[in-house]
Amino acid sequence: MSQLKLTYFDIHGGRGEPARLAMHIGGIAFEDHRFAFADFAEVRKSTPLNQVPTLQVDGVQVTQSDAITRYVGKLAGLYPVDAYQALLCDEVMDGVEDANVKLGTSFGLTGDALKEARTALANGPLPLYLGWLQKQLQAHGGEYFADNRLTIADLKVFVFVRGLNSGRLDHIPTDLVEQVAPLLNAHLQRMAQTPAVAQYYAKFEAE
Ligand SMILES: N[C@@H](CCC(=O)N[C@@H](CS)C(=O)NCC(=O)O)C(=O)O
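Residues numbered from 1 in each chain as written. Predicted model: local features only at pLDDT ≥ 70, side-chain atom pairs only at ≥ 80, totals over all residues.

Relative to strand S3 (residues 54-57), strand S1 (residues 4-9) is paired through four bridges, and the arrangement is antiparallel. Bridge pairing links Leu6 to Leu55 in S3. Summarising the sheet, S1 and strand S2 (residues 31-35) pair through five bridges and their orientation is parallel. By the bridge assignment for S2, Leu6 is matched with Asp32. With respect to chirality, the unit in which S1 leads through helix H1 (residues 17-26) into the neighbouring parallel S2 is right-handed. (Pairing = 2+ DSSP bridges. Helix = DSSP H or I, 4+ residues; strand = E, 2+ residues; numbered from the N terminus. Right-handed = clockwise from strand over helix to strand, strands pointing away.)

Right, let's get into the sheet that holds S3. Across the sheet, four strands lie side by side as S2-S1-S3-S4; this open sheet has mixed pairing. Looking at the sheet topology across the chains shown, the edges are occupied by S2 and strand S4 (60-62). Averaged over neighbouring strand pairs, the angle between their axes works out to 20 degrees when direction is ignored. (Axes fitted to C-alpha atoms, helices over the stretch in contact; angles between N-to-C directions.)

Each pair of packed helices can be summarised by the angle the axes make with each other and by the distance between the axes. Remark: helix H7 (residues 152-165) packs on helix H9 (residues 182-193), axes separated minimally by 9 Å, with the N-to-C direction vectors making an angle of 110 degrees. Considering the angle they form, H7 stands roughly perpendicular to H9. Remark: the crossing between H7 and H9 carries left-handed chirality. For the pair formed by H7 and H9, the contact residues are Asp154, Val157, Phe158, Val161 and Arg162 on the first element and Leu184, Asn185, His187, Leu188 and Met191 on the second. Among the residues making up the contact of H7 with H9, the classes are represented as six nonpolar, two polar and two charged. (Parallel < 35°, antiparallel > 145°, perpendicular 65-115°, else oblique. Left-handed = near helix turned anticlockwise from the far one by under 90°. Contact = placed C-beta atoms within 7 Å. Nonpolar A, V, L, I, M, F, W, Y, C, P; charged D, E, K, R; others polar.)

Time to look at unusual backbone geometry. With an omega of 5 degrees, the peptide bond between Val52 and Pro53 qualifies as cis. Relative to the assigned elements, Pro53 resides in the loop between helix H2 (40-44) and S3. Its identity as a non-glycine residue notwithstanding, Asp58 has a phi of 50 degrees, on the positive side. Position of Asp58 relative to the elements: it lies in the loop between S3 and S4.

Turning to the domain arrangement of the protein, a few remarks are in order. Parsing the protein into structural domains produces domain 1 (4-77) and domain 2 (83-194). Domain 1 and domain 2 are separated by 20 Å when their C-alpha centres are compared. Facing the ten residues of domain 1 at the interface are ten residues of domain 2. Elements supplying a minimum of two residues to the side of domain 1 that touches domain 2: H1 and helix H3 (65-76). Looking at the side of domain 1 that touches domain 2 residue by residue, the classes come out as three nonpolar, three polar and four charged. (Domains from an automatic or database assignment.)

Set out below in structure tokens:
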């Protein structure tokens, strides 16, 4: 097995979290290199695109969160083998990433500019993506997003929805998901109660 080292912020969210969860669920050993936001300026100098997450595979540094999540998802058995189910899994992941990019445009803004940008997101793009995700969930059986089992698409949506609900995103109403796509909150609860996921977060609380 290759030596894996994931570098990402020391948070329970963001683009690095689905890969961490996938490796934990799959019992894949990896070095979980976490760093504080204050250290990002220094850390990014050592990454190819000045961005995180990165994954080192036997010392080779790889970028792009969804490529990383897909790779470790395959190692963990959390990525569909069937080509069509893999398409459905990828579609959901790419949709969430599009929404992440839209949200990302508001990071770094402050004051009225932040309020305006976030309010516009909460009134337009976010409900569009959330409603679409809910429809995908329903169309694929209601419980999981692809392959009738937990895949990395579920982990990506779980992390995204939890972030929206968290209250850490100023001007994004914490009940937005409940208002526009309540089945995603039911999905979130199912994910959180999945034994390997619950155990993963319990480990941090115990530390
Ligand atoms: N397409 C990249 C985007 C990575 C990205 O934007 N990461 C953020 C943190 S979540 C970052 O490093 N932002 C700093 C920047 O882009 O300058 C991926 O999916 O990994």
